[in-house]
Amino acid sequence: FQDALPLAPSASNVYEFSPEELVDKALHALQEASIQLIEWKSLLHRRMGVPVIIKDYHYLVADEHLELAEKIVAHGVGLPLSLPPSLLLNTGGDFYAKARLYRLTRYTSVAQAQHLALYPASIASFAPTDLALYPRLTSLSHPLCENVLVPSQPAVYTSILRMMRKYTRFAPTRVMLESDLSELIGYNLYGLEDGYVDTDDDELCEELEVDRRVEDAVGIVQEWRAANQLHDGPDGDNDGDGGWLADALVDIVSGKRTVEDVPWA
């Protein structure tokens, strides 16, 4: 990673704090400016049971507040803006192209650098009714920022499906979304400890009660559908599309279709 601007000498001591402490300081400064953060990606997936390693801290910010948020994090907190290398842009697509990446470590290598990643909220298109305040996931005993907005579980799935439909079949962003969706279904809906099971291994499937897990997961999705929690639009409406999102999620969870079958641009 390269810094967009040289690190100011006055900010050279910023890395006396741990990455998690720096995230806490940044989130607190943003909330003090009445900018709400929406938990996203790795932190959100961990909350939903995916055992992801937290390397970067991803949050959504309302589009109209993003410019102010950038100024607060860069100038108020002193975190340098990083420019992602072409390798990550080519493999991660909009997850890097649309991110504002603020370096949390002295390290700048792809393997070791950690970042606070801010995105325009429009990328995920959550409706206001999809969000609720919850305690933030942190190991800090007394965080300055205690709560963040967290999307509901059905909203997470519909957001991913909507995003998938915006990209071409083999676009890197789409490929990453397919992986995210598969992991969430495996860990969150099926409750599999490894998130995946070889369905050709009949003995293992029987041991893990895969049929029951799938049946229970389909039941959960159907409950979400009945409660209109699998809406097609960010305004909470089914946008005249026949509830394709609910149909797609039911079919994928039941095994009738795969994540690769979701329509693409």
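Residues numbered from 1 in each chain as written. Predicted model: local features only at pLDDT ≥ 70, side-chain atom pairs only at ≥ 80, totals over all residues. Heavy atoms only, no water.

Draft legend 1. Here's a closer look at a negative patch on the surface. Side chains of Asp 198, Asp 200, Asp 201, Asp 202, Glu 203, Glu 206 and Glu 207 sit close together on the surface and give a patch of like negative charge. With respect to the helices and strands, the residue Asp 202 is situated in helix H8 (residues 202-207). (Patch = residues over 30% accessible without salt bridge, like charges linked within 9 Å, V, L, I, M, F, W, Y side chains within 5 Å. Areas by Shrake-Rupley, 256 points an atom, 1.4 Å probe, with all protein chains shown as cover. Salt bridge = Lys/Arg side-chain N within 4 Å of Asp/Glu carboxyl O. Lys, Arg positive; Asp, Glu negative; His and termini not counted. Charge placed at Lys NZ, Arg CZ, Asp CG, Glu CD. Helix = DSSP H or I, 4+ residues; strand = E, 2+ residues; numbered from the N terminus.)

Draft legend 2. Molecular detail of the pattern of salt bridges. The tally for this structure, following the rule as stated, stands at 13 salt bridges. Across the salt bridge formed by Glu 39 and Arg 47, the nearest N and O atoms sit 2.6 Å from each other. Relative accessible area serves as the criterion here: at 0%, Glu 39 is assigned to the buried category. The partly exposed category is assigned to Arg 47, whose relative accessible area is 28%. (Buried < 20%, exposed > 50% of the residue type's maximum accessible area, 1.4 Å probe, protein only.)

Draft legend 3. Local environment of empty space enclosed by the protein. For the structure shown, the criterion picks out 1 cavity of 30 Å³ or more. Empty space within the largest cavity amounts to approximately 80 Å³. Listed by contribution, the elements that provide at least two residues to the lining of the largest cavity are helix H2 (41-47), helix H6 (153-165) and helix H7 (172-189). A breakdown of the residues in the lining of the largest cavity according to their chemical character gives 8 nonpolar, 2 polar and 2 charged. (1 Å grid on protein atoms, 1.4 Å probe; cavity = no way out; pocket = protein on both sides within 12 Å on 5 of 7 lines; lining within 4 Å. Points joined across faces, edges and corners; volume = space filled by probe spheres on them. Nonpolar A, V, L, I, M, F, W, Y, C, P; charged D, E, K, R; others polar.)

Draft legend 4. Region of interest: the packing of aromatic side chains. If you walk through the whole model with that rule in mind, you get 3 aromatic pairs. Note on Trp 40 and Tyr 119: the rings are 4.9 Å apart at their centroids and 75° apart in plane angle, and the pair reads as edge-to-face. One end of the pair, Trp 40, is in the loop between strand E2 (38-39) and H2; the other, Tyr 119, is in strand E6 (residues 115-120), with 79 residues separating them in the sequence. Here Trp 40 falls in the buried class, since its relative accessible area comes to 5%. Between the aromatic rings of Tyr 157 and Trp 224, the centroid separation amounts to 5.7 Å while the plane-to-plane angle is 35°, which identifies the pairing as tilted. Separated by 67 residues along the polypeptide, Tyr 157 in helix H6 and Trp 224 in helix H9 (residues 210-226) bring together distant segments of the chain. As far as burial versus exposure is concerned, Tyr 157 and Trp 224 are alike and both buried. (Phe/Tyr/Trp six-rings, centres within 6.5 Å; stacked < 30°, edge-to-face > 60°.)

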